[in-house]
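# A structural walkthrough
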Amino acid sequence: MSVDLRYGELEAALRDSVRAMLAARSPWQSVLANQDRPDDPALWSSLAVEMGLAGLAVPERLGGGGAGLRENAVVCEELGRAVAPVPYLASAVVATQTLLAGAAEDWLTRLADGGSRAALVLPVDTAPGPAVRTGVVAHGHRLTGTVPGVADAATADLLLVPTAGELWVVEATAPGAGRTPVVSLDQTRALTDVTFDAAPAYRIAAGHRAAGAVHWGLTAGAVLLAAEQYGIARWCLSAAVDHLRTRHQFGRPIGEFQALRHRLADAWVEVTQAGAVSRYAVGVLADAEPAAGPDAEARVAAALAQAHCGPVAVRLAEECVQLHGGIGFSWEHPAHLYLKRARTAAVAFGAADRHRAALAGLVDLPPA
């Protein structure tokens, strides 16, 4: 499949708008000062309601923007660049794409205007696949069980819950639904243990449709997380370059020293490659049909994106900390926010080695 890696005019305009909004309403100083409060309702309102980005991929007839995953990816890149504490990936991407694949139109209308948020109730490290394990069982239309370490479930209004062969929606405030915060390395993306004790639920899909919807949602999450990781890596490279231009030793900028130039050159190559991988994966998925589930090429693209972009984001965050010297190790500098986000994102939707193994199987490579 031929995929255009370039950004269109509308995507570029969207990127500029989101970047300007985040610079004005969520600068790193604000994120740093409020990292113990991962939910920023005012920022979510600006992003999702005022700018209308929560329903970007929801069809216009359901109140959404009628765009697609390419536009979602641009937003995720900028959110990664700003380490913004909003559940966009969980709600506007994973949950929305799961509902799209499950043809759950009534629930999509609640997400389209940003008034409600949703989360797919699976452990944060769940990798895309045709079958996922869940600790929840259904008895009639009531769910019981516990799912540990769910990303962004703490602020969700709707909980999408897979069980054996079925997909359900639970109102987060329903009797029997409980949420317990979990300490996470990345305080800007909250983790929660979700518990159901005979909680009332609405079944939205069963059989192959339910499994396909969850598989599609997780695949979209893995691909769009790669876009976020690309945004993280870009910020880290830019911050390191700026520091090496302005920090002087022996009467000249330290960026003039050849050893540091070589490190920046290597970092630039890695970031550029990550951008190409991310854009390719997004393009493949954007041209696929959610209701059909991820095809072979989409699965390859998602595995490739996570196998490559996660480690790049971690390496660039580590380089950013080291190249800033002593200040990079201080709590007053934002570098540690990006390192924490990169480290935790590297295991979301499955770690890189898991995706490399999946990729080898998908393209018939023999084991090493």
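Since the structure is predicted, the reported quantities are computational estimates derived from the model, not experimental observations. (Residues numbered from 1 in each chain as written. Predicted model: local features only at pLDDT ≥ 70, side-chain atom pairs only at ≥ 80, totals over all residues. Heavy atoms only, no water.)

### Quick word on a nonpolar patch on the surface
The test is simple: The patches described consist of residues with a relative accessible area above 30% and no salt bridge, like charges being joined within 9 Å and nonpolar side chains (Val, Leu, Ile, Met, Phe, Trp, Tyr) within 5 Å. Here the accessible surface of atoms and residues is derived via Shrake-Rupley with a 1.4 Å probe, and residues count as covered only by protein chains that are part of the display. When a carboxyl oxygen of Asp or Glu is within 4 Å of a side-chain nitrogen of Lys or Arg, the pair counts as a salt bridge. Helix numbers and strand numbers start at the N terminus; a helix is a DSSP run of H or I with at least 4 residues, a strand a run of E with at least 2.
Taken together, the side chains of L362, V363 and L365 make up a nonpolar region of the molecular surface, amounting to roughly 240 Å² of accessible area. Along the chain, L365 falls in the segment after α11 (352-362).

### Structural notes on the pattern of salt bridges
In the structure shown here, the tally under the stated rule is 18 salt bridges. Its salt-bridge partner being R61, residue E105 comes within 2.8 Å of it at the nearest N-O pair. Within this pair, whereas E105 is found in helix α6 (residues 105-112), its partner R61 is found in the loop between α3 (41-50) and α4 (69-81), the two being separated by 44 residues in sequence. Between E270 and R315 there is a salt bridge, with the nearest N and O atoms lying 2.1 Å from each other. Linking E270 in helix α8 (residues 258-286) with R315 in helix α9 (residues 296-323), this pair joins segments that are 45 residues apart in sequence. One connected set of salt bridges, linked through shared partners, spans D152, D186, R189, E228 and R341.

### Notes on the pairing of strand β5 (residues 166-171)
Counted only if it meets this: Here the term buried applies to any residue with accessible area under 20% of the maximum for its type, exposed to any over 50%, and partly exposed to those in between, with areas from a 1.4 Å probe on protein chains only. Pairing between strands is defined by DSSP: at least two bridges between the two strands are required.
Most of β5 is tucked away: five of the six residues are buried. Sheet topology note: the strand β4 (residues 158-163)/β5 ladder contains six bridges and is antiparallel. Looking at the pairing, V161 lines up with W168 of β5. The hairpin turn running from β4 into β5, its antiparallel successor, is two residues long, and G165 in that turn takes a positive phi close to 80°. As defined by bridge partners, β5 adjoins strand β8 (residues 202-206) across four bridges and the pair is classed as antiparallel. When the sheet's bridge partners are listed, L167 is paired in β8 with A205.

### Some details on the sheet that holds strand β6 (residues 177-182)
Think of a sheet as strands paired side by side through backbone hydrogen bonds, with each pair either parallel or antiparallel. Rules: Fitting a line to C-alpha atoms yields each axis, with helices limited to the stretch in contact; the angle taken between N-to-C directions then spans 0 to 180 degrees.
Taken together, four strands build an open sheet; the order of strands is β2-β3-β7-β6 and the sheet is antiparallel. Single-partner strands in this sheet number two, and they are β2 (136-139) and β6. Within this sheet the neighbouring strands show an average axis-to-axis angle of 15°, counted without direction. Across six bridges, the pairing between β6 and strand β7 (residues 191-200) is antiparallel. Of the residues in β7, the one forming a bridge with A177 is F196.

Everything listed here is a matter of coordinates, which is why it stays silent on function.
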